Amino acid sequence: MMLDVLPDMYLSESEKHPIIHNMNTKNMAPLPEVTTTQHFQRWNQIAQDGQVASILFSPFTDRVRRIRQYVESLSQKEREAIEIINVIAQDIRWSEDLDRLLEKKRVSHAIIYPAESLFQPDKSHLIPHIISLYQSKKLSLLFFFELFSHDFFTHPLVKLHITLQHNVFEYPTYTKLEVFHFISYLCKSLSAELSDQEKESIFQHCGGYLWLVKDVVQSRKNNINTDLLKIFHSESFQWKVKQIWEAFPLISKETLLAYSLHTTSLAQDAIVAELKKLHIISEEFEQKFPKFLLEAIQNENRKLLFEDHGSVVYRGRDITLRFSLSERHVLVAMLKKDGVTLSREEIAQEWWGDSWEKEYSDWALDKNISRLREKMKSLGIVRNIQTKRGHGYGLT
C-alpha cells in the first residue's frame with residue numbers, strides 16, 4: 001500500500017515518506033487524541049458500511065498528514081483492504097489507470113486525493129467511472145478535497161454527481177488548545193523554548209494553520225535571538241501567507257473584507273457562518289481573525305481603493321467625480337499615506353492649502369469626515385475612516 005507524495009510545500013521530508021507502515025511516528029506532529037479519534041471513527045464507519053464520503057479540508061492545512069494518521073490507526077487487515085490513489089502523483093488519466101489499481105480482489109476501500117484535481121477538464125470524466133466502481137464492486141470511497149464548502153457544493157460536477165454529496169465532512173482549522181499542543185510538541189522535538197506569551201503571539205498571528213506555526217517555531221529555533229515579529233514579516237512567512245490568501249474563493253475574500261469593517265450584507269451571512277465554523281473567524285483571536293489574515297485583508301483593501309495622480313480609483317474605476325472637492329481632498333490625502341494616521345493639521349493642509357490656519361475649524365473637518373464616511377458607504381466601498389482620539393484619522 002503506497003501513499004505517494006503530493007507537492008505540499010508545508011510537509012517535512014518525514015511526512016512526505018511514501019510508505020505509510022514504515023513511517024516514523026516520532027516525526028509526526030501530534031494533536032490531542034480527541035481531535036483525531038472522532039474523525040477517524042467516522043471515516044472508518046463509512047468504509048465499513050461501503051459508502052462514499054467527501055472530506056473537505058481548508059486549503060493549505062494538513063490533509064496528507066491526516067490521511068497518514070488515519071491509515072496508521074487501522075489494523076493490518078484493514079490496511080490491506082485499502083488502495084490509496086494519488087490522482088496527480090500516479091498520473092491517473094484514464095479509467096483503465098483506475099481499474100489497474102483497483103482490480104485486486106482484496107481492495108474494498110479507496111482513498112482518493114487530491115480529489116479536487118478530478119474537477120480539472122482532463123480528469124472530470126473519471127468521476128462517473130469511480131462512482132460506477134462504488135456501485136458495481138461495492139467499493140467504499142473516501143474523497144479528500146482541499147476546498148471550502150461553498151466551492152464544493154456550488155461546483156457543477158458536484159451538482160451533477162449527487163453521490164459526492166451523500167456524506168460530507170468539513171474540518172476546521174485548529175483551535176487555540178490544539179495549536180498550543182502542537183507548539184509544545186515542536187518545542188520538545190526541536191529542543192526549543194518558548195514562553196506562554198510567545199506561544200500566544202504565534203497563535204494570534206498564525207491562527208490554526210500548522211504550516212505557518214511550524215515555520216515560525218523552526219525559524220525561532222534556528223535564530224534563537226530573533227524577535228517573533230521579524231519572523232512574521234520574513235520573506236518565507238509572507239510567501240506562505242500569500243499562498244493561503246490566494247486560495248480563498250473570491251466570495252470568501254469579499255465577505256472577510258466586509259466583515260472586518262462591519263459592513264456585511266444579508267447575502268454574506270451564510271459565508272460568515274461558514275468562516276466561523278472553520279475557525280477562521282473566532283472569538284479566540286483578539287481581532288476576530290489571525291493577524292496574518294487581517295494584514296492580508298488590509299493589503300487587499302489598499303489594492304481596491306487607491307489614488308492615482310489625485311484621482312480616486314475603486315475596483316479599477318475612476319470614481320473621483322462622485323466626491324465633492326473637499327471630500328476628494330481629504331480622501332486623497334489619506335490614500336497617499338494609506339495605513340498611516342493623519343493629524344487634523346495634516347488633513348487641513350491638504351484641504352485648505354497654505355491658508356489652512358485661517359480656514360480651519362474642528363466642526364468643519366468633523367462634518368466633512370462624516371459626509372465622506374457616508375459617501376464611501378453609499379458607493380459600497382469596503383473601507384472606512386477610523387478616528388484615533390488624540391491623533392487624527394486614518395483608513396482601515
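Residues numbered from 1 in each chain as written. Predicted model: local features only at pLDDT ≥ 70, side-chain atom pairs only at ≥ 80, totals over all residues. Heavy atoms only, no water.

A. Quick peek at helix H12 (residues 235–247). Under the 1.5 Å per step criterion, the end-to-end length of H12 is 19 Å for 13 residues, consistent within 8% with the ideal 18 Å. Among the residues of H12, those classed as buried are Phe237, Lys240, Val241, Gln243, Ile244 and Trp245. The secondary structure elements touched by the buried residues of H12 are helix H9 (196–206), helix H10 (210–222), helix H11 (228–232), helix H13 (250–260) and helix H15 (291–304). (Helix = DSSP H or I, 4+ residues; strand = E, 2+ residues; numbered from the N terminus. Expected span 1.5 Å × (residues − 1). Buried < 20%, exposed > 50% of the residue type's maximum accessible area, 1.4 Å probe, protein only. Contact = heavy atoms within 4.5 Å.)

B. Molecular detail of the state of the cysteines. Using the criterion set out here, one finds zero disulfides in the structure. The cysteine cysteine 187 is free of any disulfide, with cysteine 206 supplying the nearest cysteine sulfur at 13 Å. (Disulfide = S-S within 2.5 Å.)

C. Expanded view of the pattern of salt bridges. Counted under the stated rule, the structure contains 16 salt bridges. Put simply, lysine 240 and aspartate 215 hold a salt bridge, and the shortest N to O gap is 3.5 Å. Here lysine 240 is found in helix H12, whereas its partner aspartate 215 is found in helix H10, with 25 residues between them in sequence. Take lysine 240 and aspartate 215: they sit in the same class, and that class is buried. Taking the shortest distance from any N to any O, the salt bridge between lysine 291 and glutamate 286 comes out at 3.9 Å. Judged by its relative accessible area of 25%, lysine 291 falls in the partly exposed class. Counted as one network, the salt bridges with shared partners bring together Asp62, Arg65 and Arg66. (Salt bridge = Lys/Arg side-chain N within 4 Å of Asp/Glu carboxyl O.)

D. Main features of the packing of helix H16 (residues 325–336) against helix H19 (residues 362–378). The N-to-C vectors of H16 and H19 enclose an angle of 80°; their axes lie 10 Å apart at closest approach. With respect to their mutual orientation, H16 and H19 come out roughly perpendicular. Counted together, Ser326, Glu327, Val330, Leu331 and Met334 of H16 and Asn368, Ile369, Arg371, Leu372, Lys375 and Met376 of H19 form the full contact between these two elements. Partitioning the contact of H16 with H19 into residue classes produces six nonpolar, two polar and three charged. (Axes fitted to C-alpha atoms, helices over the stretch in contact; angles between N-to-C directions. Parallel < 35°, antiparallel > 145°, perpendicular 65-115°, else oblique. Nonpolar A, V, L, I, M, F, W, Y, C, P; charged D, E, K, R; others polar.)

E. Region of the structure containing the side chain of serine 252. Among the structural elements, serine 252 can be located in helix H13. Excluding anything up to four places from it in sequence, serine 252 contacts Ile271 and Leu275.

F. Up close: the sheet that holds strand E3 (residues 109–113). An order of E2-E3-E4-E1-E5 is seen for the five strands of this open sheet, with the pairing classed as parallel. Every interior strand has two partners, whereas the edge strands, strand E2 (82–86) and strand E5 (168–171), have only one. The sheet shows a mean angle of 15° between the axes of neighbouring strands, taken without regard to direction. As defined by bridge partners, E3 adjoins strand E4 (residues 140–146) across four bridges and the pair is classed as parallel. By the bridge assignment for E4, alanine 110 is matched with leucine 141. Taken strand by strand, helix H2 (residues 63–72) contacts strand E1 (52–57), E2, E3 and E4, and its axis lies near 165° from that of E3. (Pairing = 2+ DSSP bridges.)

G. Layout of the side chain of threonine 173. Tracing the backbone through its elements, the reader meets threonine 173 in the loop between E5 and helix H8 (176–190). At 2.9 Å, the side chain of threonine 173 forms a polar contact with the backbone oxygen of leucine 278. Of the polar contacts made by the side chain of threonine 173, one reaches the backbone oxygen of histidine 279; its length is 3.4 Å. Ignoring anything within four residues of it in the chain, the contact list for threonine 173 reads Ser58, Thr61, Gly208, Tyr209, Leu278, His279 and Ile280. (Polar contact = N/O pair within 3.5 Å; in protein donor to acceptor, adjacent residues only side chain to side chain.)

H. Local environment of the nonpolar core. In terms of nonpolar packing, the biggest core is built from 74 residues, with Ile202, Phe248, Leu256, Leu293, Phe323, Met334 and Met376 touching the most fellow members. Contact partners of leucine 256, with chain neighbours within four places excluded, come to Trp245, Phe248, Leu275, Ile281, Phe289, Leu293 and Ile297. Core analysis: the second largest hydrophobic core is formed by 29 residues, Leu98, Ala115, Leu118 and Leu164 among them. (Core = buried A, V, L, I, M, F, W, Y, C linked by side-chain atoms within 4.5 Å.)

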